[in-house]
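# Structural features, examined
What follows is the residue order along each chain.
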Amino acid sequence: MRYLIFGGPGIGDTVYELSLAKALKEMDSSSKVDLLIHGDKTVENIIREILGCQNYIDNLVFLKKGNYISIFFSLFYLIFKRYDYGFSCAPNFYIKDTPVRICKIINCKSVVKYFPKKSGNADINVNINNNIHWLKQYEKLIQALYPSVFLDIDVFDKASLQSSFSCKFKKRITLVLGTNAFKYHIEGRTLTKNIKEWDVKRWVKLGNCLSELGYEIFYMGGKKEKIELEIAGMVNIKNRSNILCGKTTIKESLSILNSSDLVIGGDTGMLHCAAALSVPTISLFGGSDYRIYAPYSIKNTVIVGKCPHAPCHFKTKYAINCFRRKCMESISVEDVINVVKEKSW
C-alpha cells in the first residue's frame, strides 16, 4: 500500500503526522508513506531535518509556496507514485478543498477531516470534534479505515540523537523560549498575533532560580529569541555558555531535549518533540487551548493562565485586540518553580 499524508507546516504538526505514519508502517512494514507539505524554504528545511531523525516517512514532497512551476512538477511526480490513500487533517490545506483536489489529480482515495464547504467531494469525510486533542484527531482519521488502530508519539530514532550534549554532571532543565504566532484573516487582511508567548525576562528569572536550586539550565529558541535575550536579559543570565538560541540545528536541538531531565516551554513544537522523546515537560498555556495543543504525554504538566477570555485562539475578536497577553502574564515564575519542586525533578 502507498499512503500520502498532507502535513502541516509546524514542528508539532510533524510529530503527530509521524505518529500516523508509524501506525501505517506497523500494520504493514512494506507499505510506503510520504509526506506532502506546502510552505516556504524555511519550513522545508526544518521538516527535512526532523525527518532525518525518524524511520516512518519515506519521502518528503514539498509544494513551494508561490512557485507554481515547482508545484506543477511536484504534482506530476505524485501521479507516478500511485498512492492508494491520501490523509488530511492539516490546517494549511483547509482552503479550497486542496487535499481532495490533489487526490483526484493523482488518482488516489481521499480520507479527510470534514470542514463545512471545505472538504469537497472527498471519498471518506470524517467528522472530527475540533475540541479534542490533535493526536486524537489524527487517530480518528486513520480509524475511518482501520478501526482498531491507535496512535502514539514514540516516533524518533533516539539512537541517532547521541551527541556531546548527552554528557552531563547535573540534572538538566531545558527552557524552550520560542512560540509561533497565529494568523487571522479579517476583512481581506492577514493579521499576525502571538498569544502564546511568555515574557523573556521571566524566562531569565526562571533559569536563574532553577540554577540556584542546583540544575544545569539550557536556553533553546530561534534567532528571534536570541535577539530578545540580548536586548532584555542576557547580561543577567548566570551561565551564558548554555544559551543555545539560534545556534543549533533541529537534530542538535532534539539531542539536547533527549538528554534533558525536564523541558519547560509554552505552546511550541519543541515541547511536542520532548514528549515524543519521553522527557517530562511543563507546558505554559494561555491563548491557545491546552486540551487540543498540549504535549500528548502522561509526563506533561500543564500550567494554565487565568483570563476571562482564555483560550482566545478561536475567538478572533479577543485575540487580535489583546496586547498584553494577560493569560500568560498571570503565570508567575513562582508557579513554575512550585511545580518543579512538587514533582521532585
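Read on for a plain summary of the structure. (Residues numbered from 1 in each chain as written. Predicted model: local features only at pLDDT ≥ 70, side-chain atom pairs only at ≥ 80, totals over all residues. Heavy atoms only, no water.)

## Digging into the sheet that holds strand β7 (residues 172–176)
Where we set the bar: In short, DSSP must find at least two bridges between two strands for them to pair. Only DSSP runs of H or I reaching four residues or more are called helices, and only runs of E reaching two or more are called strands; each is numbered from the N terminus. Axes here refer to lines fitted to C-alpha atoms; in helices the fit is confined to the stretch in contact. Angles between the N-to-C directions go from 0 to 180 degrees. The contact criterion used throughout is that any non-hydrogen atoms of two residues lie within 4.5 Å.
Here we have five strands laid out as an open sheet, ordered β10-β7-β11-β12-β13, and parallel in their pairing. At either margin of the open sheet sits one strand with a lone partner, and together these are β10 (216–220) and β13 (300–304). Neighbour-to-neighbour, the strand axes of this sheet turn through a mean angle of 20°, independent of strand direction. Pairing geometry for β7 and strand β11 (residues 262–265), over four bridges, is parallel. Looking at β11, one finds that Leu175 is bridged to Ile264. Strand contacts of helix α9 (residues 269–276): β7, β10, β11 and β12 (281–285), with the helix running at about 150° to β12, the strand carrying the most contacts.

## A short note on the pairing of strand β1 (residues 2–6)
Here is the rule we go by: Under the scheme applied here, a residue whose accessible area is under 20% of the maximum for its type counts as buried, over 50% as exposed, and between as partly exposed, the area being computed with a 1.4 Å probe on protein chains only. The crossover handedness rule: strands pointing away from the viewer, path from first strand over the helix to second strand clockwise, crossover right-handed.
By the criterion of burial, β1 is predominantly enclosed, with four of the five residues buried. In the sheet, β1 pairs with strand β2 (residues 32–39) via five bridges, with the strands oriented parallel. Pairing of Phe6 across the sheet is with Leu36, part of β2. Since β1 and β2 lie parallel, the crossover through helix α1 (residues 11–27) that links them has a hand, and here it is right-handed. Of the strand pairs in this sheet, β1 and strand β4 (residues 85–88) are connected by four bridges, and their pairing is parallel. Across the sheet, residue Leu4 finds its bridge partner in β4, namely Gly86.

## Things to note about the pattern of salt bridges
For the record, the criterion: Salt bridge criterion: a side-chain nitrogen from Lys or Arg within 4 Å of a carboxyl oxygen from Asp or Glu.
Counted according to the given criterion, the structure contains 15 salt bridges. Between Glu139 and Lys136 there is a salt bridge, and its shortest N-O distance comes to 2.9 Å. Pair noted here: Glu139 and Lys136 are both in helix α5 (residues 134–143), with a separation of three residues, about one helical turn. For Glu139, a relative accessible area of 5% translates into the label buried. Residue class for Lys136 comes out partly exposed when judged on its relative accessible area of 28%. Among the salt bridges present, the one from Asp267 reaches Lys196, with a minimum N-O distance of 4.0 Å. Of this pair, Asp267 sits in the loop between β11 and α9 while Lys196 sits in the loop between β9 (189–193) and α6 (200–212); the two residues are 71 residues apart in sequence, bridging distant segments of the chain. For Lys196, a relative accessible area of 9% puts it in the buried group.

## Section: the environment of Glu216
Formally: Here a polar contact means two N or O atoms within 3.5 Å. Within protein one must be a hydrogen donor candidate and the other an acceptor candidate, and residues neighboring in sequence count only if both atoms are side-chain atoms.
Mapped onto the fold, Glu216 is located in strand β10. Here the alpha-carbon distance between Glu216 and Arg172, two residues 44 residues apart in the chain, equals 4.6 Å. Among the polar contacts made by the side chain of Glu216, one reaches the side chain of Arg172 at a distance of 3.2 Å.

## Focus: the sheet that holds strand β5 (residues 109–113)
If you trace the six strands from one edge of the open sheet to the other, you get β3-β2-β1-β4-β5-β6, paired in parallel fashion. Of all the strands in the sheet, just β3 (59–64) and β6 (124–126) have a single pairing partner and so form its edges. Taken over all neighbouring pairs, the strand axes of this sheet differ in orientation by 20° on average, direction set aside. Pairing between β4 and β5: four bridges, direction parallel. Paired with Gly86 across the strands is Ser110, a residue of β5. Along the sheet, helix α4 (residues 98–106) contacts β1, β2, β3, β4 and β5; its crossing angle with β5, the most-contacted strand, is approximately 170°. Running at roughly 150° to β5, α5 makes contact with β1, β4, β5 and β6 of the sheet.

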